[in-house]
Amino acid sequence: MLAKLKILLGMTEDSEDAVLSFCLDFAAQAVLAYCNLDELPTALEWTVVALAADKYRMEGYGSKDAPVGAVASLEQGDVSVSYKDAASQDTSGLLKNYTSTLNRFRRLAW
């Protein structure tokens, strides 16, 4: 999955492999927890890779600068753009883009 993630992010070097592995582990655990599974089905590997890429981008990993948050407001006269604080962004919502796929694999927890 690491090779797929690097392709998705356009990376060719190995310098970010540790961070990418962390993102993959995070994504896999989030998927397993959401679906109440013990093992990751092969059919969900691409979902985990896409989720890991979202995590990597949202957190600004690989950048020495603090990540810029989403745009909070725009003004046109004398152009003004303000951003939300990236630290306040909710990363727990990452799964919301994938729930339609994940729901097909979800089990009831007793």
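Relevant structure appears above.
Since the structure is predicted, the reported quantities are computational estimates derived from the model, not experimental observations. (Residues numbered from 1 in each chain as written. Predicted model: local features only at pLDDT ≥ 70, side-chain atom pairs only at ≥ 80, totals over all residues. Heavy atoms only, no water.)

## Overview of the packing of aromatic side chains
The description of an aromatic ring pair uses the distance of the two centres, along with the angle that the planes make with each other.
Right, on to step 1. Going through the model one piece at a time under the given rule, you end up with two aromatic pairs.
Right, on to step 2. A ring pair is formed by Tyr-56 and Tyr-61, whose centres lie 6.3 Å apart and whose planes are at 55 degrees; its orientation type is tilted.
Right, on to step 3. Under the relative-accessibility criterion, Tyr-61 is labelled partly exposed at 24%.
Right, on to step 4. Each residue in the set Phe-22, Tyr-56 and Tyr-61 is aromatic and connected to the rest through ring pairs, giving one cluster.
Right, on to step 5. The ring centre of Phe-26 lies 4.1 Å from the NZ or CZ of Lys-55, which sits over that ring.
Right, on to step 6. Over the ring of Tyr-34 we find Arg-106; its NZ or CZ atom is 3.9 Å from the centre of that ring. (Phe/Tyr/Trp six-rings, centres within 6.5 Å; stacked < 30°, edge-to-face > 60°. Buried < 20%, exposed > 50% of the residue type's maximum accessible area, 1.4 Å probe, protein only. Lys NZ or Arg CZ within 6 Å of the ring centre and 35° of its normal.)

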